[in-house]
Amino acid sequence: MVQPGSISDALRFYADAGIDEVIGDTPVDRFKESRTVAAKAATSRPTAPKRNRAEQPPAARPPTAVGPAEAEASARELAAAAMDLGALRSALDGFDACPLKKTAANLVFGDGNPNAEVMLIGEAPGADEDRQGLPFVGVSGQLLDRMLASIGLDRDGAYITNILPWRPPGNRKPTAEETTMCLPFIRRHIELVAPAVLVFVGGTSAANLLGRSEGITKLRGRWFDYPAGDRMIAAMPIFHPAYLLRQPALKRQAWADLLAIKAKLAERE
Ligand code: URA
């Protein structure tokens, strides 16, 4: 008999562990799956001739996970080899070193117009983005769309992506290692889109791409030069829409930043 408290306790336990959505209609017994795989492997393995103890080979070690430095080096190599956005997406599809990839449902690559003058870069996909494979489609994405509309832009007039292409489980903050190993991909993404203006949406995006330690309150509303290949791109950090939803009083400053971005784009016309 299930005790009344135990269901809510179980749900709380799941939520704390980052399990915050149902992705299938029927439960999957992963223990059974791995028992079946192990049993199949045992029956199909050819039996080795018996050796005496001294001849036994050392016990097989589990495959070693790629370390962060190696992962970053491999990301740098893969990203540099990508000559267009399709190739960059394929490179990310084939990059297995980031642990976030294992728990995400989809790769979230980008959305909007890659020929647009302005490119926006957020932090990482959330649950809605992970489900749809598109950036900024949840509640904060809807606010971002309204922010863009206020300066006459939509997804045909802007290109949107994130510094991390996979959702961190339970929307936790990405670790420094996860971010560092994915940075070569977003840096190459910027080079390939080559926008006139970059907008870093939120502190994580701004700090990592500018290599700065200040928080978003200090960075927002200021123009920085972002080096992309052989040119500099004008880049402005703005408050993340999820932050604005929690702190609506900051919308005033966000509005000033949007007007500055609009003016920068107008200078180019
Ligand atoms: N927050 C982000 O930073 N990116 C998204 O795509 C969604 C929410």
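Preceding this section is the structure that the text describes.
As a starting point, this report considers the structure included with it. (Residues numbered from 1 in each chain as written. Predicted model: local features only at pLDDT ≥ 70, side-chain atom pairs only at ≥ 80, totals over all residues. Heavy atoms only, no water.)

The next subject is the overall build of the chain. From N to C terminus, the chain includes 12 helices and six strands. Expressed as a percentage of the 269 residues in the chain, the buried residues total 39%. Intrachain contacts of the chain at a sequence separation of at least 6 include 72% that bridge at least 24 residues. Carbon and sulfur atoms provide 55% of the accessible area of the chain, an area that totals close to 16,100 Å². (Helix = DSSP H or I, 4+ residues; strand = E, 2+ residues; numbered from the N terminus. Buried < 20%, exposed > 50% of the residue type's maximum accessible area, 1.4 Å probe, protein only. Contact = heavy atoms within 4.5 Å. Areas by Shrake-Rupley, 256 points an atom, 1.4 Å probe, with all protein chains shown as cover.)

Time to look at the sheet that holds strand β3 (residues 158-162). With mixed pairing, six strands are arranged side by side in an open sheet as β1-β3-β2-β4-β6-β5. Each having just a single partner strand, β1 (111-112) and β5 (224-228) make up the two edges of the open sheet. Both strand β2 (residues 118-122) and β3 contribute to a ladder of five bridges, which runs parallel. Residue pairing in the sheet places L120 in a bridge with I160 of β3. Sheet strands in contact with helix α9 (residues 203-210) are β2, β4 (197-201), β5 and β6 (231-238), and its direction is about 125 degrees off that of β4. (Pairing = 2+ DSSP bridges. Axes fitted to C-alpha atoms, helices over the stretch in contact; angles between N-to-C directions.)

In the vicinity of the ligand, the contacting residues are G122, E123, A124, P125, E129, P135, F136, S140, N162 and H240. Separating an oxygen atom of the ligand from a backbone N or O atom of E123 is a distance of 2.8 Å. Here F136 contributes a backbone N or O atom positioned 2.9 Å from an oxygen atom of the ligand. Starting from 240 Å² of accessible surface for the ligand in isolation, the protein chains cover 92%. Of all the cavities here, the one that holds the ligand is the second largest pocket. Across the shell around the ligand, the residue classes tally to four nonpolar, four polar and two charged. (Near = heavy atom within 4 Å. Polar contact = N/O pair within 3.5 Å; in protein donor to acceptor, adjacent residues only side chain to side chain. 1 Å grid on protein atoms, 1.4 Å probe; cavity = no way out; pocket = protein on both sides within 12 Å on 5 of 7 lines; lining within 4 Å. Sits in = over half its atoms within 2 Å of the grid points. Nonpolar A, V, L, I, M, F, W, Y, C, P; charged D, E, K, R; others polar.)

Right, let's get into the packing of aromatic side chains. Going through the model one piece at a time under the given rule, you end up with three aromatic pairs. Taken together, a centroid distance of 6.1 Å and an interplanar angle of 70 degrees make the contact between F200 and Y226 edge-to-face. Of this pair, F200 sits in strand β4 while Y226 sits in strand β5; the two residues are 26 residues apart in sequence, bridging distant segments of the chain. Assigned by exposure class, F200 and Y226 land together as buried. The cationic tip of K264 hangs over the ring face of W223; the distance from NZ or CZ to the ring centre is 4.7 Å. (Phe/Tyr/Trp six-rings, centres within 6.5 Å; stacked < 30°, edge-to-face > 60°. Lys NZ or Arg CZ within 6 Å of the ring centre and 35° of its normal.)

Here the focus is unusual backbone geometry. Not every positive phi belongs to a glycine, and N171 is a case in point at roughly 60 degrees. On the secondary structure map, N171 appears in the loop between β3 and α8 (176-193). Phi at A194 takes a positive value of approximately 50 degrees, unusual for a residue other than glycine. Its place among the elements puts A194 in the loop between α8 and β4.

If you add up the space inside the second largest pocket, you get close to 600 Å³. Along its surface, the second largest pocket is lined by 26 residues, and E123, A124, S140, H240 and A242 are the ones closest to its centre. Elements supplying a minimum of two residues to the lining of the second largest pocket: α6 (127-132), α7 (139-150), α9 and α11 (241-246). Here the element with the most residues in the lining of the second largest pocket is α11; it accounts for four residues. For the lining of the second largest pocket, a count of residues per class yields 11 nonpolar, nine polar and six charged. (Points joined across faces, edges and corners; volume = space filled by probe spheres on them.)

Position of T179 relative to the elements: it lies in helix α8. Non-local contacts of T179, meaning those with residues more than four positions away in its chain, are made with I163, L164, P174 and N208.

This brings us to empty space enclosed by the protein. Within the structure shown, the criterion is met by two cavities of 30 Å³ or more. Space inside the largest cavity adds up to approximately 50 Å³. L92, V108, F109, T161, N162, I163, P165, F185, I186 and H189 are the residues that line the largest cavity. Of all elements in the fold, only β3 and α8 reach the threshold of two or more residues within the lining of the largest cavity. Per element, the largest residue contribution to the lining of the largest cavity is three residues, and it comes from α8. Of the residues contributing to the lining of the largest cavity, the split by class is seven nonpolar, three polar and no charged. Looking at the second largest cavity, its volume works out to about 40 Å³. Considering the residues around the second largest cavity, the lining is formed by V118, L120, L148, I151, L153, V199, I238, L258 and I261. Listed by contribution, the elements that provide at least two residues to the lining of the second largest cavity are β2 and α12 (251-267). For the lining of the second largest cavity, the residue count by class is nine nonpolar, no polar and no charged.

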